[in-house]
Structures are given as C-alpha cells and as structure tokens.
Amino acid sequence: MSKISKLLLLFMLAFGHSYASEIIHIKHTDGDMSFAVRQAIENAKEKDIELVFEKGTYTFLTDYALGKYIYVTNHGNGFKKIIFNFNGFNSVVINGNGSEFIFHGQTAPFVFEGCKKIAVKNVTLDWDIPFSFQGDVVAVNKEEHWYELKPYTKGYSWKLAKGKIEFPGINNFNFSSLGSSLPHNKETKAVDYGAWDSSLKSNLVEEKADGVLRFYQYNLKKFPRVGSVLQSKGDKKNNRYAPAFLVRNSKDIVFNNVVIHHALGMGFLFERSENIKILNSGVYIREGSDRVMSIVADATHFANCKGAILIEDCRFEGMYDDGTNVHGTYVEVNKIIDSKTIRVALKHDQQYGFEFAGVADEVWFIKSPNPNRAETNTVATVTVINDHYTDLSFVKDIPTDLKSGDILENKTWNPSFTMRGNTIRDHRARNIIIKTPKKIVIENNNLSSMMSSIMLRGETFYWFESGNVEDVIIRNNNFVDCAYAGSEHAILKVSPRLGAAFSKTDLYDRNIVFENNTISTFDSRIVWADRVDGLIIKNNTIKQTYTFKPLYPNAYMFDLINCNNVEIINNTYKGTVTSGVQADNASKKSLLVKKNKGFKNIK
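The rules behind the values
Residues numbered from 1 in each chain as written. Predicted model: local features only at pLDDT ≥ 70, side-chain atom pairs only at ≥ 80, totals over all residues. Heavy atoms only, no water. Helix = DSSP H or I, 4+ residues; strand = E, 2+ residues; numbered from the N terminus. Buried < 20%, exposed > 50% of the residue type's maximum accessible area, 1.4 Å probe, protein only. Polar contact = N/O pair within 3.5 Å; in protein donor to acceptor, adjacent residues only side chain to side chain. Contact = heavy atoms within 4.5 Å. Core = buried A, V, L, I, M, F, W, Y, C linked by side-chain atoms within 4.5 Å. Pairing = 2+ DSSP bridges. Axes fitted to C-alpha atoms, helices over the stretch in contact; angles between N-to-C directions. pLDDT = per-residue confidence, 0-100. 1 Å grid on protein atoms, 1.4 Å probe; cavity = no way out; pocket = protein on both sides within 12 Å on 5 of 7 lines; lining within 4 Å. Points joined across faces, edges and corners; volume = space filled by probe spheres on them. Salt bridge = Lys/Arg side-chain N within 4 Å of Asp/Glu carboxyl O. Nonpolar A, V, L, I, M, F, W, Y, C, P; charged D, E, K, R; others polar.

## Brief notes about the side chain of N377
So, step 1. Mapped onto the secondary structure, N377 falls in strand β32 (residues 376-384).
So, step 2. Classification of N377 by relative accessible area gives buried; the value is 2%.
So, step 3. One polar contact links the side chain of N377 to the main-chain carbonyl oxygen of K396, over a distance of 2.9 Å.
So, step 4. Ignoring anything within four residues of it in the chain, the contact list for N377 reads D361, E362, V363, F365, F394, V395, K396, D397 and I398.

Below, the structure written as structure tokens:
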C-alpha cells in the first residue's frame, strides 16, 4: 500500500464514521411520546448517542415530561417542562428523517447543556394549538373607544368569560390579557403598514351577533385597520416561556434542515456556546395555515457565544421579534469589595441567573462617561450570590478609578458572525440586530423589515446587551420595502443606547462597510448613523418604490450624527426623494461624498 493510500485509510477511519457510538431507534407510535423519549435519553449507556426517528408525526404532551427550574436568558425564568433533555453528553445527534414533532401546552422542547458536539437534522416542530389569539378587524369606533373582531376558532383555544378573553386555556394556563398585539395584512401576513406595537388590556369585551366580539379599551392610541388581522401573544410577563431549542455551555453545534412553525419563545437560543451553524433551516408559518404569527420572539438569538457563527440558506418569517440577535451582556458594578474583587449586578429581569463570566475569562472594564473598552483583567474566582448578584475576583488589581455604576463586558465570549443567503421578512422588529467586536459578514440575503433591517446597537440602558462593533461588512444584499411600520427607522441604523452616565458624543461603533447592496424602498432613510468611526457606503443601487406612502418623507437618505471618517461614494438613486445627505458639524469634518448619482446635497 502506498504512503498516500495509508494516509487516506487513516483519515477515513478517523473521520469517516458517525461520532455517535450508541444509536437509539425511535419507532413511530401514536399518542404521547414524551415519556418514551425521556426514557431513551436517560437510559443511554454511552455519552455519544444518536436518536434516529422513523419518519412520522409525533405528539409530545407535558404530563410525563421532565420538570426543573431553569434560567433562560431573554425569557421568563421558572419551572419548565422539558421533552428532550441532554446534559453532559460528548455528542448528540438527532435525525428526524423528515418527521414532524407536534407539542401541546407549555413546554421547552429541547434543552442541551454541557454537550461537546450537537447535530440536529431533518425535523419540523409545531404546536397543535398556538399560544395566540387572532381575529379579523371588522369595525372600529375611535370616539367610543372600541374595535370589533371576528375571532378565529378552528385550531385556536379561547373563551369569553366575565367580559374578558381567556386564552389559550391549556393545562390550566391563561394569559392575563391580550398583551402584545399587532395588526397584520390578511393577504401577505406581514405586519400591517404603519402599525405600532400595542399592549392590549381591554376594559370590557362584549359578544355581538354572528360571533363578533367588541373590545373596549379607553387608553388605546393606535387602532387596528379594518380589514386587517389583529394578533395577540399574551402579557409580557408570561409570553416568553421557553425557546424551541435552548443550547448552553456547549460547542460544535449544527442544525440542518430544521423548521419551526411555532414556539413559546425564541426559535434557536444559544448561551455561552461555541462554533454554531444553522443551515437550510427556517422559522415560518406552515403552508396553508391561517396563523399570522410563527414563533413568539426571535428566530435566532446568541448571548455571550464565541468561535464562529454561521446562518446560511435559511428562511425566517412571521416571528414576533428579530431574525437574529447576537450580543454579549453588560453587568453593572454594584460594589467594590477589595482591590481584586467586585460585586456585579445583572440589570434586566430576563437576564437574572445568566452566567456572565467563568474562571479564566477575560473581562473589559468600561468606566463612565467614556463608553469604550478600557483595561482588561482575568477572572480568578466566581461566587454567585443569587440570580441578580455575583462576586468576581480577578488575577490582577482592578482599576483604581472603577466605581459603582460602571460596567463590565466579557472579552472572551464574543463570536465572529456570518449571515449568508437567507430570506427574512414579514415579521415584527428588525431582520438583524448584532453587537460583537469580531468580524461580521452579512451578504447575499433577501431582507424586508417592519423596523430597521439591520441595527447595530450596544446598550447600557434597558437590555444591557453589549457591545460596540469593530469590523462589519454588509454587501450584496437585496433590501425590499424595509422600515414599514412603527417609529422612524432605516435600512441600516447604527444607534447606541447608553445610560445617562455615558457620553452622548464619544465614538462607539467602528469600521462598517455597506456596499453593493440593492435597495428598493418606498421611504427615504437608507443609513442613519450615530457615533461611528469609519463608515463606508459605496456602490449601492437605490430605487424608489410605490408600495406604500412614505412614512417619513422629509428624512434624509444618509443621516450622520457625531461620526468620523465617513465615505459616501458611487451610490446610485432613482426616484423623487431630494434629501440626500445630512451631517452635523462633527461628522462634516471628515466626510467624503463623491461620484454619487441621483443626489448631491449635503446639509
């Protein structure tokens, strides 16, 4: 045997087989499969397992599901019913073989913790009854403070009791109110043009003829359009139970051909995990369904991850929050204990219990009023006080000028991020919101958004999601009629949201390239940037559409505030908007605008 042949044989032996040493075949059976799956996982003899499902439709109830209290970032913490629970495995493979998994009631379908390799493929998730209420808007009377709905009944679960709508009424659970609600276009299922988020808590609901319900709400500022579909997902406290897939403290993760039609929170959620791929997958409404919402929150969400993240050739539609959100987490200095030890606080109630840092993690200190990363130090010990407070001791002395109210950011847990070849549309909020200092590439996507299509926003104000970007390429994307509802947004919005203690003029985000994109837009704003150092906008083709009436016709296409080193070069615009570039005095000092067609003016 030749030397090359021997090397090839060794390679095939090492890498040519499945990494699962115990294959567990799941035979299709009618009825609840939760306990059978639980036993299969708990009775596994090896730490490398593969679950192979015979193709079919499987039902999962919560009666015999595993129950435990878990912290879930950006969701409600609490006691959760878990169907697929994987803890401490070397490798896990789930092959659905084209099966559908149908869940019922409040459940966290998949939880992976401390796994070294994960692969999930060829499976579709849905709920038999969605945790939503929706109806056709048939009448509105603003003077008398009411609107009327013809509610959907087939496939939905709700009842009118004592002047209130109770839903979904599953396993003794109901939301306290209609809660977060939006009107939708009945034909396209997209959020309605010009719609605003509403939190609905009706004063009284009356039953009228032909199954119509009249809702009285005296403080409602924005009424839904007659002919639209009003969709409600319940009160804020309870409407993020759990994601479809929760992955934490794991690595080398691949989801391939995984589709989620409904979930009681996010679709794919990753905490402190490393090297993640989501391929050929989706979050969207089932074909032929009359639902206008797919899942309750973000399609994909990454909190304090590292390594490389890739989302490629996916379809995200109908969710009630962002297509993706990638971020770290700021914690606030609560108390200086000694020269090496500080007590830090998690600030948002949906981050309580989150693991901000571990031993050997590097941490940045950020001292107000300057929002930029300053000294680094390495964590020596971590002492959790409770879900709100943690004591961190460091290898070296902490900065002598560190004070209560300053913030910390984890340097170790930041990923590079690539989003390529995806379609994201017809949903609430932004297509992409991202904050990581490592390389970001967003290319060859088809994007349409209710709010800004791409938002770069670190914040120390509400969610405390870090941080500022330092290397971003946004190229060859197709943007169509973005920012069609809600408050004023843009195709690309760079807008840090920092607390009162931080400077409103210091530069924050850096090195952003927005190039070779095709933009079809009914409105004016293309790029709206605040406190950016290094922004190149070049070779973009912008065409006015007449899909909608402009919401903010007087806004400038390119609006710069407190920016430095901005170039707007060789862009082409075809349309009637005359407002081109607006820049404040700070931004004008280093601004270069040349070789553009269709707009010239700088204000």
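Back to the write-up after that little detour.
## Brief notes about the nonpolar core
So, step 1. Counting residues in hydrophobic clusters, the biggest one holds 123 residues, and the most contacted among them are F84, F86, F112 and F245.
So, step 2. Element by element, the count of residues in this core is highest for strand β8 (residues 118-127), at five residues.
So, step 3. Not counting residues up to four positions away in its chain, the partners in contact with F112 are F86, V92, I94, I118, V120, F245, L246, V247, R248 and S250.

## Considering the sheet that holds strand β30 (residues 341-345)
So, step 1. Reading around the circumference, β29-β30-β33-β32-β31-β34 is the order of the six strands in this closed barrel, with antiparallel pairing throughout. Shown here is a sheet whose adjacent strand axes are inclined to one another by a mean of 45°, direction ignored.
So, step 2. Examined bridge by bridge, strand β31 (residues 362-366) and strand β34 (residues 407-410) share four bridges and lie antiparallel to one another. If you follow V363 over to β34, its bridge partner there is N410.

## Here we look at the pairing of strand β1 (residues 22-26)
So, step 1. Across the two faces of β1 the burial differs, with E22, I24 and I26 buried and I23 and H25 not buried at all.
So, step 2. Bridge count between β1 and strand β2 (residues 48-53): five bridges; the pairing is parallel. From the neighbouring strand, I26 faces β2, where its bridge partner is F53.

## Focus: the confidence of the model for the chain
Should pLDDT be low for a region, the predicted coordinates there are not to be read in detail.
So, step 1. When pLDDT is averaged along the chain, the result is 95, and 97% of the positions lie at 70 or above.
So, step 2. Low confidence marks residues 1-18, where pLDDT is under 50. Its contacts with residues over four positions away, or in another chain, come to five contacts.

## Describing the sheet that holds strand β18 (residues 213-216)
So, step 1. Pairing in this open sheet of seven strands is antiparallel, and the strands run β16-β15-β19-β9-β10-β18-β17 from one edge to the other. Lying at the two open borders of the sheet, with one neighbouring strand each, are β16 (198-200) and β17 (204-207). Pairs of neighbouring strands in the sheet enclose a mean axial angle of 40°, with direction left out of account.

## A short note on empty space enclosed by the protein
So, step 1. Taken as a whole, this structure holds three cavities of 30 Å³ or more when the rule is applied.
So, step 2. Of the voids in this model, the largest cavity is the one considered here, and its volume is about 80 Å³.
So, step 3. Around the largest cavity sit C482, A483, E488, H489, A490, I491, T521, D523, S524, R525 and Y552, which together line it.
So, step 4. The calculated volume of the second largest cavity comes to roughly 40 Å³.
So, step 5. What lines the second largest cavity is simply Q106, F131, F173, F175, K233, N238, N239, Y241, L264 and V296.

## Things to note about the pattern of salt bridges
Oppositely charged side chains may form a pair once their charged atoms are brought near each other.
So, step 1. Counted according to the given criterion, the structure contains 39 salt bridges.
So, step 2. Salt-bridge contacts for E409 lead to R373; the nearest nitrogen and oxygen are separated by 3.0 Å. With E409 in strand β34 and R373 in the loop between β31 and β32, this residue pair connects regions lying 36 residues apart in the sequence. Across the pair, exposure class does not vary: E409 and R373 are buried alike.
So, step 3. The closest approach of N and O atoms between R420 and E443, which form a salt bridge, is 2.8 Å.

## Brief notes about the layout of surface pockets
So, step 1. Its volume calculated, the largest pocket comes out at about 840 Å³.
So, step 2. Along the walls of the largest pocket sit 36 residues, with D321, R428, R430, Y462 and W463 positioned nearest its centre.
So, step 3. Secondary structure elements with two or more residues in the lining of the largest pocket: β15 (179-184) and β16.
So, step 4. Taken together, the residues of the lining of the largest pocket break down into eight nonpolar, 12 polar and 16 charged.

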